[in-house]
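Coordinates in review
Letter by letter, the chains look like this.
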Amino acid sequence: MHAIEFDKLSKVFQGKKKVTVNALNSLSLQVDQGEVFGFLGPNGAGKSTSIKILLGLIGSTAGTARIMGVDVTEKTARSQVGFLPENPSFYDFLTGEEYLRFVGKSFNMSAADISVRGSEVLNRLDLWEARKRPIRGYSKGMVQRLGLAQTLIHDPAVYVLDEPMSGLDPIGRALVKDIIRELKERGKTVFFSTHITADVEAVCDRVGVINKGVLLAVDTVSGVLERGVEGYTVRLFKPDGASEECVVAKADLQDFIEKSIAQRCSIERVEPKRKDMEAFFLEMVSPKQTS
Amino acid sequence: MLNTVAVNLRAIFRDRVFHGIVVVALLFLLIPSVSSLSMRQVTELSITLALSLLSLILLLLSISLGATSLWKDIERRYTYSVLSLPLSRSAYLVGKFVAVALFLLLATLVLGAVACCMIWLASGIYPADRPIVWMNLVLCIAADLLKYVMLVAYAFLFSTVSTSFFLPIFGTISVFLAGNASQQAYDYVHSPLATTLSPVVKQAASVLYYLLPNFSAFNLRINAIYGIPLSMKAVVLPLMYFCIYTTLLVILATVIFTRREMK
Ligand SMILES: Nc1ncnc2c1ncn2[C@@H]1O[C@H](COP(=O)(O)OP(=O)(O)O)[C@@H](O)[C@H]1O
Ligand SMILES: [Mg+2]
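Quick caveat, the model's predicted, so the values are computed rather than measured. (Residues numbered from 1 in each chain as written. Chains lettered and ligands numbered in written order. Predicted model: local features only at pLDDT ≥ 70, side-chain atom pairs only at ≥ 80, totals over all residues. Heavy atoms only, no water.)

**Description of the overall build of chain A**
For chain A, the count of helices and strands is nine helices and 13 strands. Here the C-alpha coordinates of chain A stretch approximately 75 × 50 × 35 Å along the principal axes. Taken across its 291 residues, chain A has 50% of its residues classed as buried. Distance between charge centroids for chain A: 7 Å, based on 39 positive and 38 negative side chains. (Helix = DSSP H or I, 4+ residues; strand = E, 2+ residues; numbered from the N terminus. Buried < 20%, exposed > 50% of the residue type's maximum accessible area, 1.4 Å probe, protein only. Lys, Arg positive; Asp, Glu negative; His and termini not counted. Charge placed at Lys NZ, Arg CZ, Asp CG, Glu CD.)

This is the structure:
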């Protein structure tokens, strides 16, 4: 069973004045359990639309989606999910602590569990001091962190995060990445959307690139990075002590090193020169610009 | 659903509207002195004033809470965070409705008790010719409450089809006005005076009469003010009417809301 499954999902928005927007075009995608999946795409690509369908907030025009095998039109599909909406907003008349209690109760947690888990996640997301203040007075970053806290409190198997790093400072971003890595270690599934390639490189197992409602590619992050290797920069010391930096093609590396050693050079460093995730992403999204 | 009711009640108590109501309710304290100015029929006047003020407050509450409760959640994008919980749309909507209805009940209990105290004080100053029938007073207030809960159901129905607060607020006010006038209009159309009206108009008026709520059935004020005995029928019929009508409205609102896209 896949943790998340999109099957030929399409969505057409009926705008005003009879304009229609094809926000999603036959999206098919499977996310395995225990996987961290990055859903990468520029603004307006259809990331939030897919996620809203997944959470039952909007219906699909065609196709289906399932979470842990349960069709998303059933409310039970959401019982194993922690969801962070894009630019989230929570009942602001409640305090952070009260909101977590509300969420915990919605997932049928016991009062004791709520209080134990609640303290844990409040501390983990650096909201302990602010827990008794109304959310109305929280900064954008604090609301974002509370959003993450409310996905964690009931310890679900699947996490769906819509642009989890947005609105956070570098410390907050690092914290979110740490939390995603922790979840991965604990065998949880994380599906998050982003338009920042570095975030995908940092934490994801696999990446899907989406643009204009079409899924362009799905690949492992390590695969993208390996295939992107175009050559190596080799830094070596010659017998006379002079140092030199050479650019070597991928196929010639073995030969080059053997020759260098035969010439009694000492090799100090070999670095792969590669196109990174960003280049991969740009190539996918706008192939003409990056010849 | 209990969770939803609790959180929405909390929202109401922490809202500014609530504090405004408390201020308006202070007007009750003026009733004995204002009534005594009339010199005659002090008790009757105090009852009239108390019931009118209570009714006005309930009207303001049901429009302001009923018409904005759902709209606020959508406007402030709470719907994304709340409806993505394992909660059905119907539990969310019905929970919200029950919270507003419970709040109206609570307000009625508190303000009704205050009103009765004031009437009792006023009647103490100038004893009435007829003794006050407290039971009628209580039933009159209860019927008023039912009327406003029904109005809230209408406000919810309007909220589920609208993206702004415009339709819920003005739609609810229109229903309130129409609901109070429907019986008179019906009586007029079917009276000998209306022979000049075309049958089409009469038909349309009848259809509207059965579609629109009939709030005059909930008006027991005359019985309360003059202590006129109430028949069983005058109590039970409105109650049944309320149950059926409100249930239908809430079901309709739920059906519409379940299909609604949270864009
Ligand atoms: N409610 C809506 N009505 C009409 N068009 C919409 C609506 N929501 C999103 N869209 C359009 O659908 C496309 C995808 O949007 P979205 O999924 O929000 O993109 P993103 O990948 O940035 O999250 C965009 O072109 C957007 O303009
Ligand atoms: Mg988005």
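**Structural notes on the site of ligand 1**
Around ligand 1, the structure places A:Phe13, A:Val21, A:Ala23, A:Pro42, A:Asn43, A:Gly44, A:Ala45, A:Gly46, A:Lys47, A:Ser48, A:Thr49 and B:Lys263. Chain contributions to the surroundings of ligand 1 come from chains A and B. Between ligand 1 and A:Gly46 there is a distance of 3.0 Å, counted from an oxygen atom to a backbone nitrogen or oxygen. In this structure, A:Lys47 approaches ligand 1 through a main-chain N or O atom, which is 2.8 Å from an oxygen atom. For ligand 1, whose free accessible area comes to 560 Å², the fraction covered by protein is 69%. Breaking the shell around ligand 1 down by element, the ones donating at least two residues are strand S2 (20-31) and helix H1 (47-54) of chain A. The biggest single contributor to the shell around ligand 1 is H1(A), with three residues. For the shell around ligand 1, a count of residues per class yields five nonpolar, five polar and two charged. (Near = heavy atom within 4 Å. Polar contact = N/O pair within 3.5 Å; in protein donor to acceptor, adjacent residues only side chain to side chain. Areas by Shrake-Rupley, 256 points an atom, 1.4 Å probe, with all protein chains shown as cover. Nonpolar A, V, L, I, M, F, W, Y, C, P; charged D, E, K, R; others polar.)

**Some remarks on the interface of chain A and chain B**
Each partner contributes residues to the interface: chain A has 29 residues there, and chain B has 25 residues. Together, the buried faces of chain A and chain B total about 2,500 Å²; carbon and sulfur atoms form 55% of this surface. On the chain A side of the interface with chain B, the three residues burying the most area are A:Leu57, A:Tyr91 and A:Phe93, jointly 27% of the side's total. Here A:Glu98 makes a salt bridge to B:Arg10, at a shortest N to O gap of 3.5 Å. In this assembly, chain A and chain B are joined by 18 residue pairs in polar contact (both at pLDDT 80 or more). Within the residue set of the side of chain A that touches chain B, elements represented by two or more residues are strand S1 (4-14) and helix H2 (96-106) of chain A. Top element by residues in the side of chain A that touches chain B is H2(A). It accounts for six residues. In the side of chain A that touches chain B, the residues fall into 14 nonpolar, seven polar and eight charged. (Contact = heavy atoms within 4.5 Å. Buried area = accessible area lost by both parts, 1.4 Å probe. Salt bridge = Lys/Arg side-chain N within 4 Å of Asp/Glu carboxyl O.)

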